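# Commentary on secondary and tertiary structure
Listed here are the chains, written in short residue letters.
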Amino acid sequence: MTIDPFAPLGRFIDDPDRTCTYSPGDTPGADCGAPATWHIMWNVDAEVSFACDPHMDRARNRYVFVDSHQLGPDCGMPSALWDLNNGRCVYPDEPSTAASAEKVSAR
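In what follows, the accompanying structure is described. Per chain, residues are indexed from 1 in the order of the written sequence. Owing to the predicted nature of the model, reporting of local features is limited to residues with pLDDT of at least 70; listing and counting of side-chain atom pairs is limited to 80 or more, with chain, interface and lining totals taken over all residues. Here the side-chain values reflect all heavy atoms present in the structure, with hydrogen atoms and water set aside.

## Comments concerning a nonpolar patch on the surface
- Taken together, the side chains of Val44, Val66 and Leu84 present a nonpolar region at the surface, about 300 Å² in accessible area.
- Secondary structure follows DSSP: runs of H or I at least 4 residues long count as helices, runs of E at least 2 residues long count as strands, and numbering of each begins at the N terminus. Relative to the elements of secondary structure, valine 44 occurs in the loop between strand S1 (38–41) and strand S2 (48–51).
- The exposure class of valine 44 is exposed, given its relative accessible area of 76%. What makes a patch is a set of residues exposed beyond 30% relative accessible area and free of salt bridges, joined within 9 Å when like-charged and within 5 Å when nonpolar (Val, Leu, Ile, Met, Phe, Trp, Tyr). For the area figures, the Shrake-Rupley method with a 1.4 Å probe applies, and any residue is considered shielded solely by the protein chains shown. Salt bridges are defined as contacts in which a side-chain nitrogen from Lys or Arg sits within 4 Å of a carboxyl oxygen from Asp or Glu. Think of it in three bands: with a 1.4 Å probe and only protein chains considered, a residue is buried below 20% of the maximum accessible area for its type, exposed above 50%, and partly exposed in between.

This is how it looks when you write it as structure tokens:
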């Protein structure tokens, strides 16, 4: 038996309410729908989803992913960027994001 360490991402779920997008069987009737507490980046293509605490524990125990952080006010908002260094989502025009970009370009 071969174990695949990558999560089966299934269908794209547009989730403006930021609910857990765990869906066994990848069907709308099976979606968790609990309030999300985590934001997960699954791969380097920046495919992301939201998870509640129990489903985040499941993701940690079963799958490989790029990063995760606790859900913040900018998570899932249009134009927000994933800040890997600080473990959160940010907007490109935030002063801390601009300072980080300047540090990277100065190297």
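Let us keep going from here.
## Some remarks on the pattern of salt bridges
- Summed over the entire model, instances satisfying the criterion amount to 1 salt bridge.
- Note that arginine 60 and aspartate 57 form a salt bridge whose closest N and O atoms lie 3.3 Å from each other. Remark: aspartate 57 and arginine 60 occur in helix H1 (residues 53–62); sequence separation between them is 3 residues, near one turn of the helix.
- Its relative accessible area of 39% is what places arginine 60 among the partly exposed residues.
- Classification of aspartate 57 by relative accessible area gives partly exposed; the value is 40%.

## Focus: the pairing of S2
- The pairing of S1 with S2 spans 4 bridges and is classified as antiparallel. Paired with methionine 41 across the strands is valine 48, a residue of S2.
- In textbook terms, the turn of a hairpin is the stretch between consecutive antiparallel strands, and for S1 and S2 this stretch comprises 6 residues, one of which, alanine 46, has a positive phi near 60°. Strand pairing requires that DSSP identify at least two bridges connecting the strands.

Keep in mind that these numbers describe shape and distance, not what the molecule does.
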